[in-house]
Amino acid sequence: MKSIYNYTLEDLERYFLSIDEKKFKAVQVFDWLYRKRVQSFDEMSNIKKQVLDRLNSDFKIDTLEIIDHKSDTDVHKFLFKLNDNEKVEAVLMNHDYGNSLCVSSQVGCNMGCSFCESGRLKKVRNLETSEMVLQYLLVEQVLNLKISHVVLMGIGEPFDNYDNVMSFIDILNTGKGIDLGARHITVSTCGIVPKIKEFTEFGKQVNLAISLHAPNDELRNKLMKINKVYPIEEVMKAVKEYIKKTNRRVTFEYILLSGVNDTDKCALELVNLLKGMNCYVNLIPYNETSHIDYKKSSSENIMKFYDILKKNNIGVTIRREFGSKVNAACGQLRSKYEEVK
Ligand code: SAH
């Protein structure tokens, strides 16, 4: 039986029409699921018995088990067990502007970035839309708070699970349900060019972030094997087209790895690459992990890199560090758990 959380409002409208019911029932169901947050169809008191029976036989209202929850100041890390016993993580960060949830989109990841813990354990499968929706619903429920921002920066490559991720965004964004503004949602990709092109036509004001991490192909090939398929020039072309069509500013993520991509030369090359583009760079202090040899850049080098971008009129921020005590770096909790076991 399919989880009801897989269905966008439009999917449910189609469903109701297919069983000769008014499509407005979809709005009622969304209201019960995402506003009143009921856990069973029988609580949907404005829907008649006959339709409830039908819903009960066609869908399930499922949940995920939280098997680990660690907190530190301003950060909560959750490990979820899926119905087939696979595990994924989500991280809630309290910012001064609100609560941001970092959601996983796959079990493991096949992109194989050399610095990333998630890719060390290969992709097992895509997450269903419902498994992303439930990360959101359960974190709000357990912490009793409102999530104001969602970033698809957990385990997985969102553009390698494109359709389910887009349905997830649609459900978050639906006014009759969770009603999270598109501008409060960010999708991060390692640069899968055909999907950047598809996303350009998606038509919602969702933020796009590109994991760049290097200013030239030679270096990026070493850090991110996806670059051999979609080199920087192609990524840039697709991103420029995205900016032109959507008029939206793009974020480039750039992890700073000591002695690898944090030199003045790299900073200047990055300036040249991004000059004149409607974008900004988010510098990410590397979160070290025990299996991978890269070291985090010193604060001094991070500031130097920052200053070079700034001086050359590239918008730049440094990502605030959360949760190294709770293994909040991408994929670390899952990976740790798989080892202990
Ligand atoms: N696959 C997508 C989204 C998931 S990763 C992507 O590549 O963008 C989200 C971000 O975290 C990416 O920019 C990724 O490169 C970065 N990241 C991965 N491992 C990290 C680590 N150990 N420390 C800091 N950032 C990391």
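Everything here concerns the structure above.
This section reports on the structure supplied with the text. (Residues numbered from 1 in each chain as written. Predicted model: local features only at pLDDT ≥ 70, side-chain atom pairs only at ≥ 80, totals over all residues. Heavy atoms only, no water.)

To continue, consider the overall build of the protein chain. Secondary structure summary: the protein chain contains 11 helices and 14 strands in total. The C-alpha radius of gyration computed for the protein chain amounts to 21 Å, which stays within 12% of the reference 20 Å derived for 341 residues, consistent with globular compactness. A principal-axis box enclosing the C-alpha atoms of the protein chain has dimensions of 70 × 45 × 35 Å. For the protein chain, buried positions account for 56% of its 341 residues. Within the protein chain, contacts between residues separated by at least 24 positions form 66% of all contacts whose residues are at least 6 apart in sequence. Put simply, the protein chain shows about 15200 Å² of open surface, and 47% of that area lies on carbon and sulfur atoms. (Helix = DSSP H or I, 4+ residues; strand = E, 2+ residues; numbered from the N terminus. Rg over C-alpha atoms; globule rule 2.2 N^0.38 Å. Buried < 20%, exposed > 50% of the residue type's maximum accessible area, 1.4 Å probe, protein only. Contact = heavy atoms within 4.5 Å. Areas by Shrake-Rupley, 256 points an atom, 1.4 Å probe, with all protein chains shown as cover.)

Here we take up the pairing of strand 12 (residues 250-256). Burial analysis of strand 12 places seven of its seven residues in the buried class, the great majority of the element. Because side chains alternate across strand 12, one face comprises the buried residues V250, F252, Y254 and L256, and the other comprises T251, E253 and I255, equally buried. Pairing of strand 11 (residues 207-211) with strand 12 involves three bridges; the strand directions are parallel. Note on strand 12: the bridge partner recorded for A209 is T251. (Pairing = 2+ DSSP bridges.)

Spatially, 3-4-5-6-9-10-11-12-13-14 is the arrangement adopted by the 10 strands of the open sheet, whose pairing is mixed. In this open sheet, the two edge strands, each paired with only one partner strand, are strand 3 (65-72) and strand 14 (315-318). Taken pair by pair, the neighbouring strands of this sheet meet at an average axis angle of 20 degrees, ignoring direction. As paired strands, strand 12 and strand 13 (residues 279-285) are joined by seven bridges and run parallel to one another. Residue pairing in the sheet places I255 in a bridge with I284 of strand 13. Strands in contact with helix 4 (residues 129-143) are strand 3, strand 4 (75-81), strand 5 (87-95), strand 6 (98-103) and strand 9 (149-152); relative to strand 4, the strand with the most contacts, it is inclined by about 130 degrees. (Axes fitted to C-alpha atoms, helices over the stretch in contact; angles between N-to-C directions.)

Here we take up the pattern of salt bridges. In this structure the tally under the stated criterion is 24 salt bridges. Measuring nitrogen to oxygen at the nearest pair gives 2.8 Å for the salt bridge that ties D11 to R14. With D11 and R14 both in helix 1 (residues 9-18) and three residues apart, the pair spans about one turn of that helix. Overall, the relative accessible area of 23% leaves D11 in the partly exposed class. Here R14 falls in the partly exposed class, since its relative accessible area comes to 49%. The salt bridge involving D53 is made with K49; its shortest N-O contact spans 2.9 Å. Note that D53 and K49 are positioned in helix 3 (residues 49-58) at a spacing of four residues, about one turn of the helix. By relative accessible area, which is 37% here, D53 ends up partly exposed. One continuous salt-bridge network, built from bridges that share partners, spans E10, D11 and R14. (Salt bridge = Lys/Arg side-chain N within 4 Å of Asp/Glu carboxyl O.)

Now for the nonpolar core. The nonpolar side chains of soluble globular proteins are, as a tendency, buried together. Counting 111 residues, the largest nonpolar core has M44, F115, F252 and V281 as the members making the most contacts within it. With eight residues, the top contributor of residues to this core is helix 4. Excluding anything up to four places from it in sequence, V281 contacts F252, Y254, L270, L274, L309, I314, G315, V316 and T317. Counting residues in each nonpolar core, the second largest holds six residues, with V91, M93, C102 and V151 among its members. (Core = buried A, V, L, I, M, F, W, Y, C linked by side-chain atoms within 4.5 Å.)

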